[in-house]
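Chain and residue survey
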Amino acid sequence: MNFQKPCTFAKLMPRLKDSKSLAKIIQNLAQTRQLLQGKQLHSQLISSGYPLCTFLTNHLLNMYSKCGQLDYSVKLFDKMSQRNLVSWTAMVTGFSQNLHYFEAISTFCEMRIAGENPTQFAFSSVIKACASVGLVEFGEEIHCLALKFGFGSDIFVVSNLVDMYSKCGVMVNAYNVFQEMECKDEVLWTALIDGYAKNGPFEDALSAYKNMVKEGIGIDKFVLCSTLAACAALKALNFGKCLHSVMLKKGFELEISVGNALTDMYSKVGDMESASNVFGIDSDCRNIVACSSLIDGYVEMDRIEDALSVYVRLRRQGIEPNEFTFSSLIKACSSQATLEQGTQLHAEVIKFNFDGNPFVSSVLVDMYGKCGLLDDSIRVFDEIENATEFAWNSMLSVFAQHGLGKDAIQLFNRMKNEGVEPNAITFVSLLRGCSHSGLVEEGLSFFKAMEKIYGVVPREEHYSCVIDLLGRAGQLKEAEDFINKMPFEPNAFGWCSFLGACKIHGDKERGKLAAEKLMQLEPENSGAPVLLSNIYAKEQQWEDVRTLRKMMQDFNVKKLPGYSWVDVGNKTHIFGVEDWSHPQMKAIYDKLNALSGQIKVAGYVPCTDSIPLDVDVSVKEKILQHHSERLAIAFALISIPSGKPIIVKKNLRVCSDCHSAIKYISKVIGRKIIVRDNSRFHHFSNGLCSCGDFW
């Protein structure tokens, strides 16, 4: 029959005497999604006065639902004078299939109130709706009801139950339901494996896959993709390669979903060569999902140039980036503190309308903060309409990095007022902010409130922050007492913080204890003997200094060289102490000598105690003058226009003398200088530093 012409139904009407023939036609229209023809037939039935019994109306309900026209289904359903179980089931299923999950659940409840006993199809549909909206408690009630009506062994109902519990993260229930089913098909196995791949334990996903193979159940691309996701989480490269072989044998290698899963797995385990090879197999596999996986893999491997080149390639091929693409690339700019690339990506974010995405905005907040542009970080945060916990934590972390403890506390109070629950990351940032601002009482108050008020159990990093908090404030005895009362030994960061505080405040005995503990934890770390050597040098115990240095030579422990770098244009310029390798070094040293004269006139007095060498004061002054951060600043002053900020990064803690010198430099040249050392940011302006000389 030709259903394309409106007049066809009019001619057929006299011959379609029975409802069964009409029902068959409507059923065919539903299966082939021929909405226009279905509407034409419906209108002919109405205009001809054909009696629409419950049987025919049910088929029309199903047809409109399958064609995505739920408004028509609802109107028909509401006008039905007599409904039966099929009518209710059609509506529940229709709502669920068309993603109207809450309507599916409410209609199921109305069906029960109407006294109808649900079928396996109604149960399957409402369970799917519960899974999609995360209503696990209501899903458990439906589970009990399904058992009551004898559907505990129905494969459709059980598969949806396993899927629901998996999607809601209740893997114990998912596994129990799975085990109770005697005959398990590939859909049931896939639901369980996918649940483990998304929620963990990831090892159970691999075990389930092995058991599925042993049972002789057919393997399809869906279960392979889910198992690959578990391999990615576990970094199980060999297992992933075995799955890759299975995919090749079954001819799945050109499937887009398979290409995406393989690219993601190889990227997450760090095998970027294989990831790139899979990515290049077929042009259809080069979609945004695969591109984002490849970019993220390169970012995790610190291969930033490769990540950016993939982005350029995808844009040339007309592939539009998504929020995950931008998040990975901006995250890379954060870790590398590459401002130029970060601002260019921000422009792309705006171009593609992702500036309103809370996750992308959170990464932008972090990027600007790590690049030293505090005002830009605050501006991006203030523009977020519905800030998530990621955004709040990003802004708190930025304030902590910049030593703005009071600002961090104010933001935390705003966060609570907005109803956002703090987590472990929140308190790390708060404690760090208090530590760098000397807010000892406030920091201790937050630490005590973590578990008592907010239910966040303190971890190693929180205890280390408290050690740092007390140590920086010179409360070394209190810090030692805190360490002795800890439920576990401090980690390397904790002992390093304590040792650094002992060096600053000249506590030789406690410094020696901290250094011994740190060398036990990290014998290859040069920080402990170097800091202890500085303590001895401050006390002019040169014999102890020489003993420590000989020990470092004997154990081949090398001091980490200090270096600083500054970005000019698209190039990073790196400087070491007394570095003569830069092509503009003559101009740099000329500028540096001129600055040294200017700041001495302004009142700068060299702090030679910071040089742990038994040499003349004049030699120490020369060494201080040629520290890497000063060379970087001198180069920036002759290379960067006055309208742009000077941002210098350093791999070690800025020394007290350089800190003093840079304050005077900012005063005599009238420019703001931002220095990021290995612990925080310093904003120098008009002879002052944002840290207030407490860092």
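Per an unreviewed UniProt entry, the chain carries the name DYW domain-containing protein and comes from Gossypium mustelinum. Entered under Sequence similarities (unreviewed entry) in the UniProt record, the comment concerning the chain runs "Belongs to the PPR family. PCMP-H subfamily."

Right, let's get into the environment of Cys333. Mapping Cys333 onto the fold places it in helix H20 (residues 323–336). Taking C-alpha positions, Cys333 is 9.2 Å from Tyr368, a pair spaced 35 residues apart along the chain. Discounting chain neighbours no more than four positions away, the residues touching Cys333 are Thr338, Gln341, Gly342, Leu345, Met367 and Cys371.

Let us look at the UniProt feature "repeat: PPR" (unreviewed entry) in the chain. The sites that UniProt annotates as "repeat: PPR" (unreviewed entry) are residues 84–118, 185–219, 287–321, 388–422 and 423–453. End C-alpha to end C-alpha, residues 84–118 measures 11 Å, and it is 74% helix and 0% strand. For residues 388–422, helix accounts for 74% and strand for 0%, while the C-alpha atoms at its two ends are 11 Å apart.

Taking strand neighbours across the sheet as the criterion, the six strands line up as E2-E1-E3-E4-E5-E6 in an open arrangement whose pairing is mixed. In this open sheet, the two edge strands, each paired with only one partner strand, are strand E2 (571–576) and strand E6 (688–689).

Enumeration according to the criterion identifies zero disulfides in this entry. You can see Cys242 has no disulfide; the closest cysteine sulfur is in Cys231, sitting 8.7 Å from it.

Let us now look at the packing of helix H26 (residues 424–437) against helix H28 (residues 460–472). In contact at an axis separation of 8 Å, H26 and H28 are set at 10° when each is read in the N-to-C sense. When the axis of H26 is compared with that of H28, the two are roughly parallel. Here Ala424, Phe427, Val428, Leu431, Arg432, Cys434, Ser435 and His436 of H26 lie close against H28, whose contacting residues are Glu461, His462, Cys465, Asp468, Leu469 and Arg472. The class makeup of the residues in the contact of H26 with H28 is seven nonpolar, three polar and four charged.

Now for the domain arrangement of the chain. How big an interface is tends to be stated in terms of accessible area lost as the parts join. Domain annotation of the chain identifies domain 1 (480–555) and domain 2 (563–689). A straight line from the C-alpha centre of domain 1 to that of domain 2 covers 27 Å. With seven residues of domain 1 at the interface, the matching set in domain 2 holds five residues. Roughly 530 Å² of surface becomes buried between domain 1 and domain 2 when both sides are summed, with 57% attributable to carbon and sulfur atoms. Put simply, domain 1 and domain 2 have zero salt bridges between them. Seen at the junction of domain 1 and domain 2, the total is zero residue pairs in polar contact (both at pLDDT 80 or more). Considering each element in turn, the side of domain 1 that touches domain 2 owes the most residues, four residues, to helix H33 (residues 542–554). When grouped by side-chain class, the residues that make up the side of domain 1 that touches domain 2 number four nonpolar, one polar and two charged.

Here we come to the nonpolar core. Phe108, Phe123, Val162, Phe326, Ile330 and Phe498 are the most contacted members of the largest nonpolar core, which totals 181 residues. Residues lining this core come from more than one domain, with at least three contributed by each of domain 1 (480–555) and domain 2 (563–689). When residues no more than four places from it in sequence are discounted, the contact partners of Phe498 are Ile467, Leu476, Ala479, Glu480, Ile483, Arg510 and Ala514.

Turning next to the pairing of strand E5 (residues 681–685). By the criterion of burial, E5 is predominantly enclosed, with four of the five residues buried. In terms of strand pairing, strand E4 (residues 673–676) meets E5 through four bridges, oriented antiparallel. In the strand pairing of E5, Arg676 is matched with Phe681. Pairing of E5 with E6 involves two bridges; the strand directions are antiparallel. Within E6, the position partnered with Phe684 by the bridge is Cys689.

Turning next to helix H22 (residues 358–370). Look at H22: 18 Å from first C-alpha to last across 13 residues, which is about the 18 Å you get at 1.5 Å a residue. With ten of 13 residues buried, H22 is to be regarded as a mostly interior element. Within the sequence span of H22, burial applies to Val360, Ser361, Ser362, Val363, Leu364, Val365, Asp366, Met367, Tyr368 and Gly369. Looking at the buried residues of H22, the elements they touch are H20, helix H21 (339–351), helix H23 (374–382), helix H24 (389–401) and E5.

Each neighbour pair has its own omega, and for Gly200 with Pro201 the value is -5°, a cis peptide bond. With respect to the secondary-structure elements, Pro201 resides in the loop between helix H12 (186–199) and helix H13 (202–214). Although it is not a glycine, Leu99 adopts a positive phi angle of roughly 70°. Position of Leu99 among the secondary structure elements: in the loop between helix H6 (85–97) and helix H7 (101–113). Judged by relative accessible area, which is 56%, Leu99 ranks as exposed. Even without a glycine there, the phi angle at Glu578 is positive, about 50°. The exposure class of Glu578 is partly exposed, given its relative accessible area of 34%.

The next subject is the pattern of salt bridges. Using the criterion set out here, one finds 23 salt bridges in the structure. Residue Asp468 pairs with Arg472 through a salt bridge whose shortest N-O separation is 2.7 Å. Of this pair, Asp468 and Arg472 both sit in helix H28, four residues apart, which is roughly one turn of the helix. We classify Asp468 as buried; its relative accessible area is 8%. Asp567 is paired through a salt bridge with Lys649; the nearest N and O atoms lie 3.1 Å apart. Of the two residues, Asp567 is situated in strand E1 (residues 563–568) and Lys649 in strand E3 (residues 646–650); the sequence distance between them amounts to 82 residues. Using a relative accessible area of 23% as the deciding quantity, one classes Asp567 as partly exposed. Here the salt bridges share partners, and the residues they tie into one network are Asp376, Arg379 and Glu383.

A separate point is the side chain of Asn534. Along the polypeptide, Asn534 turns up in helix H32 (residues 527–538). Look at Asn534 and you get buried, because its relative accessible area is 16%. Beyond its immediate sequence surroundings of up to four residues, Asn534 is in contact with Lys503 and Pro612.

Quick look at the packing of aromatic side chains now. Applying the stated criterion across every chain, the model contains 25 aromatic pairs. When the centroid spacing of 5.1 Å and the interplanar angle of 75° are considered together, the rings of Tyr463 and Phe488 count as edge-to-face. Placement of Tyr463 in helix H28 and of Phe488 in the loop between helix H29 (476–485) and helix H30 (492–505) is noted, with a sequence separation of 25 residues between them. You can call Tyr463 buried: its relative accessible area is 13%. With 6.3 Å between their ring centres and 65° between their planes, Tyr604 and Tyr664 make a pair best called edge-to-face. Here Tyr604 is found in the loop between helix H34 (585–602) and helix H35 (617–625), whereas its partner Tyr664 is found in helix H37 (residues 656–669), with 60 residues between them in sequence. Relative accessible area serves as the criterion here: at 22%, Tyr664 is assigned to the partly exposed category. Linked through ring pairs, Phe108, Phe123, Phe149 and Phe151 together constitute an aromatic cluster.

Reading guide: rules and limits
All residue numbers refer to position in the chain's written sequence, counted from 1. The predicted nature of this model means local features are confined to residues of pLDDT at least 70 and side-chain atom pairs, given and counted, to a pLDDT of 80 or more, with totals for whole chains, interfaces and linings taken over all residues. Hydrogens and waters are ignored; side-chain quantities use all the structure's heavy atoms. UniProt positions are given in the numbering used here, feature names are shortened, and annotations may be inferred rather than shown by experiment. Think of it this way: any DSSP run of H or I at least four residues long counts as a helix, any run of E at least two long counts as a strand, and we number them from the N terminus. Contacts are residue-level and defined by heavy atoms, with any inter-residue pair within 4.5 Å sufficient. In this analysis, strands are considered paired if DSSP registers two or more bridges between them. Cysteine sulfur pairs qualify as disulfides if the two atoms are within 2.5 Å. Angles here are taken between N-to-C directions and fall from 0 to 180 degrees, while the axes themselves are lines fitted to C-alpha atoms, restricted in helices to the stretch in contact. What sets the label is the angle itself: under 35 degrees gives roughly parallel, over 145 gives roughly antiparallel, 65 to 115 gives roughly perpendicular, and the rest give oblique. Throughout, the ten residues Ala, Val, Leu, Ile, Met, Phe, Trp, Tyr, Cys and Pro are labelled nonpolar, Asp, Glu, Lys and Arg are labelled charged, and all others, Gly among them, are labelled polar. Per the annotation, domain bounds derive from an automatic or database assignment of domains. In this description, buried area is defined as the sum, over both parts, of the accessible area (probe of 1.4 Å) that is lost when the two are combined. By definition here, a salt bridge exists when the distance from a side-chain nitrogen of Lys or Arg to a carboxyl oxygen of Asp or Glu is within 4 Å. In protein, a polar contact requires one atom able to donate a hydrogen and another able to accept it; more generally it is a pair of N or O atoms within 3.5 Å, and residues adjacent in sequence count only if both atoms are side-chain atoms. Remark: nonpolar core denotes a set of buried residues (Ala, Val, Leu, Ile, Met, Phe, Trp, Tyr, Cys) joined through side-chain atoms within 4.5 Å. Burial classes follow relative accessibility: with a 1.4 Å probe on protein chains only, a residue under 20% of its type's maximum area counts as buried, one over 50% as exposed, and anything between as partly exposed. The length a helix should cover is 1.5 Å for every residue beyond the first. Two rings from Phe, Tyr or Trp (for Trp, the six-membered ring) form a pair when their centres sit within 6.5 Å of each other. Planes less than 30 degrees apart are called stacked, planes more than 60 degrees apart edge-to-face, and all others tilted.

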